[in-house]
Amino acid sequence: MAGGLVALFDDVAVLARAAAASVDDIGAAAGRASVKAAGVVVDDTAVTPQYVHGLAAEREIPIIRRIALGSLRNKLLIILPAILLLSQFLPWLLTPILMIGGAYLCYEGAEKVWHKLSGHHEAHASEEQALPDEKTIVSGAVRTDFILSAEIMVISLNEVADEGFWSRTVILAIVAVGITILVYGVVGLIVKMDDVGLSLSQRPGKGISRFGHGLVKAMPRLLTALTVIGTAAMLWVGGHILLVGSDELGLHAVYGAVHHLEELAHEATGALGGVVGWLVNTLASALVGLVVGALIVLVMNLTVHRRKAHTGSH
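Within an unreviewed UniProt entry, the label attached to the protein chain reads DUF808 domain-containing protein, and the organism entered is Geodermatophilus africanus.

Q: Give me helix α9 (residues 206-248): which residues, what numbers.
A: In this model α9 runs 59 Å from its N-terminal to its C-terminal C-alpha over 43 residues, within 8% of the 63 Å that 1.5 Å per residue would give. Along its length, α9 shows its largest kink, about 35°, at Met219, and proline Pro220 lies within four residues downstream of that point. Two residues or fewer past α9, Gly250 is found with a positive phi of approximately 100°.

Q: I'd like to hear about the packing of aromatic side chains, residue by residue, with values.
A: Considering all chains together, one arrives at three aromatic pairs under this definition. Here Tyr104 and Tyr107 contribute two aromatic rings whose centre-to-centre distance is 6.5 Å and whose plane-to-plane angle is 50°, an arrangement assigned as tilted. Linking Tyr104 with Tyr107, this pair stays in helix α4 (residues 94-118), spanning three residues, or about one helical turn. A relative accessible area of 33% places Tyr104 in the partly exposed class.

Q: Help me get a handle on the UniProt feature "transmembrane region" (unreviewed entry) in the protein chain, residues and values and all.
A: Per the UniProt record, "transmembrane region" (unreviewed entry) is annotated on residues 76-94, 170-191, 222-243 and 283-304. Helix makes up 79% of residues 76-94 and strand makes up 0%, while its end C-alpha atoms are separated by 18 Å. Helix makes up 95% of residues 283-304 and strand 0%. Its end C-alpha atoms lie 30 Å apart.

Q: Break down helix α8 (residues 165-201) for me, with residues and values.
A: Across its 37 residues, α8 extends 53 Å between first and last C-alpha, which sits within 8% of the 54 Å expected from 1.5 Å per residue. The largest bend along α8 reaches roughly 45° and is located at Lys192.

Q: Break down the packing of helix α7 (residues 134-159) against α8 for me, with residues and values.
A: Close contact between α7 and α8 brings their axes to 10 Å; oriented N to C, the two are set at 135°. Taken as axis vectors, α7 and α8 run oblique relative to one another. Between α7 and α8 the crossing geometry is right-handed. Residues Asp145, Ile152, Met153, Ser156 and Leu157 of α7 touch α8, and the partners they reach there are Arg168, Leu172, Val175, Ala176, Ile179 and Tyr184. A breakdown of the residues in the contact of α7 with α8 according to their chemical character gives eight nonpolar, one polar and two charged.

Q: Outline the side chain of Ser285, listing residues and values.
A: You can see Ser285 is positioned in helix α11 (residues 273-302). There is a polar contact of 2.8 Å between the side chain of Ser285 and the backbone oxygen of Asn281. Beyond its immediate stretch of four places on either side in the chain, Ser285 contacts Leu235, Trp236, Gly239, His240 and Leu243.

Q: Outline the nonpolar core, supporting the account with residue identities and numerical values.
A: Ile67, Ile83, Met153, Leu172 and Tyr184 are the most contacted members of the largest nonpolar core, which totals 35 residues. If you list the elements that add at least two residues to this core, you get α3 (57-89), α4, α7, α8 and α9. A total of ten residues in this core trace back to one element, the largest contributor, which is α7. Dropping the residues within four chain positions of it, Met153 is found in contact with Lys75, Ile79, Leu80, Ile83, Leu172 and Ala176.

Q: Mind laying out the confidence of the model for the protein chain, listing which residues take part and the relevant values?
A: Summarising the model, the protein chain shows a mean pLDDT of 75, and 74% of its residues fall at 70 or more. Mean pLDDT across the elements of the protein chain ranges from a minimum in helix α1 (residues 2-36), with 44, to a maximum in α11, with 90. Within the model, the stretch residues 1-27 combines pLDDT values under 50 with three contacts to residues more than four positions away or in other chains. Within the model, the stretch residues 122-128 combines pLDDT values under 50 with one contact to residues more than four positions away or in other chains.

Q: Which residues make up a nonpolar patch on the surface, and what are the values?
A: On the surface, Leu85, Phe89, Leu90 and Trp92 cluster together into a nonpolar patch covering about 480 Å² of accessible area. If you trace the backbone, Phe89 turns up in helix α3. Judged by relative accessible area, which is 61%, Phe89 ranks as exposed.

Q: Which residues make up the packing of α9 against helix α10 (residues 253-268), and what values do they have?
A: Viewed as axis vectors pointing N to C, α9 and α10 meet at an angle of 120°, and their least axial separation amounts to 8 Å. In terms of their interaxial angle, α9 and α10 are classed as oblique. Seen along the crossing, α9 lies across α10 with a hand that is left-handed. Touching Leu243, Val244 and Asp247 of α9 are Val254, Tyr255 and Val258, all from α10. Split into classes, the residues belonging to the contact of α9 with α10 amount to five nonpolar, no polar and one charged.

Thresholds, definitions, all that
Residues numbered from 1 in each chain as written. Predicted model: local features only at pLDDT ≥ 70, side-chain atom pairs only at ≥ 80, totals over all residues. Heavy atoms only, no water. Helix = DSSP H or I, 4+ residues; strand = E, 2+ residues; numbered from the N terminus. Expected span 1.5 Å × (residues − 1). Bend = angle between axes of the 7 residues up to and from the residue. Phe/Tyr/Trp six-rings, centres within 6.5 Å; stacked < 30°, edge-to-face > 60°. Buried < 20%, exposed > 50% of the residue type's maximum accessible area, 1.4 Å probe, protein only. UniProt positions renumbered as here; feature names shortened; annotations may be inferred. Axes fitted to C-alpha atoms, helices over the stretch in contact; angles between N-to-C directions. Parallel < 35°, antiparallel > 145°, perpendicular 65-115°, else oblique. Left-handed = near helix turned anticlockwise from the far one by under 90°. Contact = heavy atoms within 4.5 Å. Nonpolar A, V, L, I, M, F, W, Y, C, P; charged D, E, K, R; others polar. Polar contact = N/O pair within 3.5 Å; in protein donor to acceptor, adjacent residues only side chain to side chain. Core = buried A, V, L, I, M, F, W, Y, C linked by side-chain atoms within 4.5 Å. pLDDT = per-residue confidence, 0-100. Patch = residues over 30% accessible without salt bridge, like charges linked within 9 Å, V, L, I, M, F, W, Y side chains within 5 Å. Areas by Shrake-Rupley, 256 points an atom, 1.4 Å probe, with all protein chains shown as cover. Salt bridge = Lys/Arg side-chain N within 4 Å of Asp/Glu carboxyl O.

Below is the structure:
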C-alpha cells in the first residue's frame, strides 16, 4: 500500500513538473510572439491618443476603456478564431492576408507623410474643431484597432505556428489580453499626464511644482513624437511584412538584397554589428514601406479620392 502511494506521488510529481514546464513554454512562446509584434504595438499605442485629443478630461479614460474593450473583443471573438481556423485548414492563406495588412499599414504611413508634406493637415484643421460624438469616436478607433490587432495576432501566430492547436490558442489568447492591457494602459497614462502635471504644479514645494509644469509643457512634444514614431512604425512594420512575405512566396530578390546589406553592415561594424545590422534592415523595410505606400496613395488619389471629390462637387 505504502509503495503504491509513493508511486502515485511520484506520478503526480512528474505530471506537475510536466505541467510547469508546459506553462513555462507557453509563457516563453507568448513573450516571443509579443516581441515580434512590437512594431505594431508601438504603432497602436501611438495612434490611439489622437481619438481623445480635445475631449473633456473626465471623458478620456471612459472612452479609452470602451476602445480597449472593443479591441479585446476584436482579438478574442473575431480575429483569434479566424486565424486559428485558417492556420489549421488553409495555412497558405496567412501570408497573403498578412501582406495585404502590411500594404494597408504602408498606405496609412505614406498618407500621413503625404498630408504632412502637402499641408493637408492645416486644411482640415477647421473640420477637426467639430468633434464627433463619443459613439462615433469609439467605433472609428475600434475599426482602426481591428487592422492593427489583426497584424499583431497574425505576426504572433507565425511565431508559434509549430505549436499544437490548443497551445496556439492559449498562447494567442495570452498575447491578446497582455498586449491590450499594455497598449491601453500606456495610452491612459499618456492622456492623463497633463492632468497629473497640472495637479503637481499646484502643490506646495518648488521641486514638485516645477516637475508638474515640466510635465504639462512636455505633453505637446510627446504627442508630436508619438505621431512621428507611429508613422515610422507603420512604414517599418508594413515594409518588413511585405519583404518577408514576398520571400516566403518565392520572390527572393528584394528580401535577398536587404538581407545581404544587413550582413555587410553587421560584418563591417564589429561589436556594434547586431545593432547596425538591425538598423539597416529597419531603414530598408521603412523605405520599401514608403515606396509601396506612396504608390497606393497615388492610385487612391487618382481613383477613389478623385471620384469622391467629383461626386461631392455635384
